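Coordinates in review
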Amino acid sequence: MKANIIFEMAKDGGCSCFMQEDVPDFGLTGYGTTPQEAKVDMLQAYEEIKSMLREEGKTPVELEFVYHYDMKSFFEYFDFLNVSKVAQRAGINPSLMRKYTSGVANAGEGQYLKLQKAIHSMAQELAAANF
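To start, this report covers the structure provided alongside it. (Residues numbered from 1 in each chain as written. Predicted model: local features only at pLDDT ≥ 70, side-chain atom pairs only at ≥ 80, totals over all residues. Heavy atoms only, no water.)

1. Describing the pairing of strand 2 (residues 15-19)
Remark: a regular strand shows side chains that alternate across the two faces of the sheet. Convention followed: Burial classification: accessible surface area is computed with a 1.4 Å probe over protein chains only, and a residue below 20% of its type maximum counts as buried, one above 50% as exposed, and the rest as partly exposed. By the criteria applied, helices consist of DSSP H or I runs no shorter than four residues and strands consist of E runs no shorter than two, each listed in order from the N terminus. By the convention used here, strands pair only if DSSP detects at least 2 bridges between them.
Among the five residues in strand 2, four count as buried, and that is most of the element. Across five bridges, strand 1 (residues 2-9) lies against strand 2 in antiparallel orientation. What sits directly across from I6, in strand 2, is F18. Here strand 1 hands over to strand 2 after five residues, with G13 in that stretch at a positive phi of 100 degrees. Pairing of strand 2 with strand 3 (residues 29-32), which is carried by four bridges, proceeds in the antiparallel orientation. Across the sheet, residue F18 finds its bridge partner in strand 3, namely T29.

2. Remarks on the packing of aromatic side chains
Under the convention used in this document: Stacked, tilted and edge-to-face are the three classes applied to pairs of Phe, Tyr and Trp rings, where Trp contributes its six-membered ring and a pair requires centres within 6.5 Å; stacked means planes under 30 degrees apart, edge-to-face means over 60, and tilted covers the rest.
This model, assessed by the stated rule, comprises 13 aromatic pairs. Between F26 and Y46 the ring centres are 5.6 Å apart and the planes differ by 45 degrees, which places this aromatic pair in the tilted class. Within this pair, whereas F26 is found in the loop between strand 2 and strand 3, its partner Y46 is found in helix 1 (residues 35-55), the two being separated by 20 residues in sequence. The same class applies to F26 as to Y46, namely buried. Feature note: the residues F7, F26, Y46, F65, Y67, Y69, F74, F75, Y77, F78 and F80 constitute an aromatic cluster, connected by ring pairs.

3. With respect to the sheet that holds strand 1
Stated precisely, the cut-off is as follows: To obtain each axis, a line is fitted to C-alpha atoms, and for helices this fit is confined to the stretch in contact; angles are then taken between N-to-C directions over 0 to 180 degrees. Only heavy atoms enter the contact rule, under which two residues are in contact if any of them lie within 4.5 Å.
Reading across the sheet, the four strands line up as 3-2-1-4 and stay open at both edges, with mixed pairing between neighbours. Looking at which strands have only one partner, the edges of the open sheet turn out to be strand 3 and strand 4 (64-68). Direction aside, neighbouring strands of the sheet carry axes that sit 20 degrees apart on average. Those strands touched by helix 1 are strand 1, strand 2, strand 3 and strand 4, and its axis lies near 140 degrees from that of strand 3.

4. Focus on the pattern of salt bridges
For the record, the criterion: Think of a salt bridge as a Lys or Arg side-chain nitrogen and an Asp or Glu carboxyl oxygen that are within 4 Å of each other.
Applying the stated criterion across every chain, the model contains seven salt bridges. The closest approach of N and O atoms between K50 and E62, which form a salt bridge, is 3.5 Å. On the criterion of sequence distance, the pair formed by K50 in helix 1 and E62 in the loop between helix 1 and strand 4 is long-range, its members being 12 residues apart. Judged by relative accessible area, which is 46%, E62 ranks as partly exposed. Residues joined in a network through salt bridges with shared partners are E47, K50, R54 and E62.

By themselves these figures say nothing about function.
Below, the structure is given as structure tokens:
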């Protein structure tokens, strides 16, 4: 079963993630100072819940996670990406992109779609690269 995990950066700099769907016996959330820590916390909770369910004689649902990020959490999680270069590839003003990633401005759906298209294009290029 697919489970959509939503990442959000808090104004205090922390990060949380949560499962969007309502799945019986699973109320997954994760918290940390970074998206990576929040993800680890959530995955640890997932394993603990599965273990508890097995102890109760139940068969836990196997979840396939699909991760959704806001711009700030995306660039924090994938901190090896250069924000300005990705913005250029997406056709977004680099200065505006930095405002999105710092939380000063909010991107609209169109900007997210441009970014997603650019990221998927980069992923295809990287997958085709060989050494």
